[in-house]
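Listed here are the chains, written in short residue letters.
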Amino acid sequence: YPLRRQRQMCIRDSLFFMKTKLISIVSLLIISTAAFSQEVLTLDSTTVKQKHQLSELTWLTELWTGEGLGGTCDEVWMPQMDNTMQGIFRYSKDGKVVFTEYMVIEQLDSNISLKLKHFSKDLTPWEEKDKWITFELIKIEGTTAYFNGLTYSRKEYELTIKLNLHSGDKKWVEEFTFKKTEL
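The notes below deal with the structure included here. No experiment lies behind these values; they were computed from the predicted model shown. (Residues numbered from 1 in each chain as written. Predicted model: local features only at pLDDT ≥ 70, side-chain atom pairs only at ≥ 80, totals over all residues. Heavy atoms only, no water.)

1. A look at the overall build of the protein
Then step 1. Of the regular secondary structure elements, the protein holds 1 helix and 10 strands.
Then step 2. The N-to-C order of helical and strand elements in the protein reads α-β-β-β-β-β-β-β-β-β-β.
Then step 3. Considering only contacts in the protein between residues 6 or more positions apart, those separated by 24 or more positions represent 41%.
Then step 4. When the accessible surface of the protein is summed, it comes to about 12600 Å², and 58% of that surface belongs to carbon and sulfur atoms. (Helix = DSSP H or I, 4+ residues; strand = E, 2+ residues; numbered from the N terminus. Contact = heavy atoms within 4.5 Å. Areas by Shrake-Rupley, 256 points an atom, 1.4 Å probe, with all protein chains shown as cover.)

Below, the structure written as structure tokens:
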């Protein structure tokens, strides 16, 4: 009987260890999934947009240089004027400009949105004259701004932009990493 009891205890301990390990792994997966889904927020019927002031985005005002989309990217944001901040984005590959974007973050009443238009190297617009791609602000947490489908996050001299993209049925988050740069 002692050997049998010892074997039962060993099996019980092994099952307890496996169960504990499985619970830990599942918990980590849930936490990491929740954290990942918070990187880029999207507006839906359950999303509550917070009220903010454009002045809360002054941390964005800089010249930033980095990488994204497999090439080199530059982005500059000018200080707020007349309830707007203007910005320009440039994407190049192999030392050649591929496209640029003209961007505006504007505050109308208590709503803030980022609007942009794409332009080819020769300034041919991609969007129709009266059309903009618009990202509504959901919330700001310190130096992280969550727009619908787009997140800007600054940590000291680094800026990360995460953008929801899709092509056909494929969806992904494109990440741009920038460093503060002097003109």
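2. Focus: the packing of aromatic side chains
Then step 1. Under the defined criterion, the tally for this structure stands at 7 aromatic pairs.
Then step 2. Aromatic side chains Phe-147 and Tyr-152 sit 6.4 Å apart centroid to centroid with 75° between the ring planes, which places their arrangement in the edge-to-face category. Exposure class is identical for Phe-147 and Tyr-152. Each is buried.
Then step 3. For the pair Phe-176 and Phe-178, a centre-to-centre distance of 6.5 Å together with 15° between the ring planes defines the contact as stacked.
Then step 4. Assessed through its relative accessible area of 6%, Phe-176 is described here as buried.
Then step 5. Taken together, the ring pairs in this structure connect Phe-89, Tyr-91, Phe-99, Trp-126, Phe-176 and Phe-178 into an aromatic cluster. (Phe/Tyr/Trp six-rings, centres within 6.5 Å; stacked < 30°, edge-to-face > 60°. Buried < 20%, exposed > 50% of the residue type's maximum accessible area, 1.4 Å probe, protein only.)

3. Looking at unusual backbone geometry
Then step 1. Even without a glycine there, the phi angle at Asn-83 is positive, about 60°.
Then step 2. Looking at the element boundaries, Asn-83 is found in the loop between strand E2 (71–77) and strand E3 (84–93).
Then step 3. The phi dihedral of Asp-94 falls on the positive side, at around 55°, and the residue is not glycine.
Then step 4. Its location among the elements puts Asp-94 in the loop between E3 and strand E4 (96–108).

4. Here's the deal with the pattern of salt bridges
Then step 1. For the structure on display, the rule yields 9 salt bridges.
Then step 2. Residue Glu-62 pairs with Lys-180 through a salt bridge whose shortest N-O separation is 3.8 Å. You can see Glu-62 sitting in the loop between helix H1 (2–37) and strand E1 (63–68) and its partner Lys-180 sitting in strand E10 (residues 170–181), a full 118 residues away along the chain.
Then step 3. The class for Glu-62 is partly exposed, based on a relative accessible area of 22%.
Then step 4. Taking relative accessible area as the criterion, Lys-180 reaches 30% and is therefore assigned partly exposed.
Then step 5. Residues joined by salt bridges that share partners form a network here, namely Glu-39, Lys-162 and Glu-175. (Salt bridge = Lys/Arg side-chain N within 4 Å of Asp/Glu carboxyl O.)

5. Quick notes on the side chain of Arg-154
Then step 1. Mapped onto the secondary structure, Arg-154 falls in strand E8 (residues 150–155).
Then step 2. In this structure the side chain of Arg-154 is engaged in a polar contact, spanning 2.6 Å, whose partner is the backbone oxygen of Glu-156.
Then step 3. Here Arg-154 is in contact with Trp-59, Glu-62, Trp-64, Thr-143, Leu-159 and Lys-180, once residues within four sequence places are set aside. (Polar contact = N/O pair within 3.5 Å; in protein donor to acceptor, adjacent residues only side chain to side chain.)

6. Overview of the side chain of Gln-86
Then step 1. By secondary structure assignment, the location of Gln-86 is in strand E3.
Then step 2. Exposure remark for Gln-86: the relative accessible area of 19% places this residue in the buried category.
Then step 3. For Gln-86, the side chain forms a polar contact with the side chain of Thr-84, separated by 3.0 Å.

7. Section: the pairing of E8
Then step 1. Counting buried positions along E8 gives 5 out of 6 residues, so the element sits mostly inside the fold.
Then step 2. Judged from the 4 bridges that link them, strand E7 (residues 144–147) and E8 form a sheet pairing that is antiparallel. Residue pairing for E8: Thr-144 is matched across the bridge by Ser-153.
Then step 3. What sits between E7 and E8 in their antiparallel hairpin is a turn of 2 residues, with Gly-149 showing a positive phi close to 90°.
Then step 4. Where E8 lies against strand E9 (residues 158–167), 6 bridges are found, and the strand directions are antiparallel. Bridge pairing in E9 places Ser-153 opposite Thr-160.
Then step 5. From the end of E8 to the start of E9, which pair antiparallel, there are 2 residues, and Glu-156 there has a positive phi angle of about 55°. (Pairing = 2+ DSSP bridges.)

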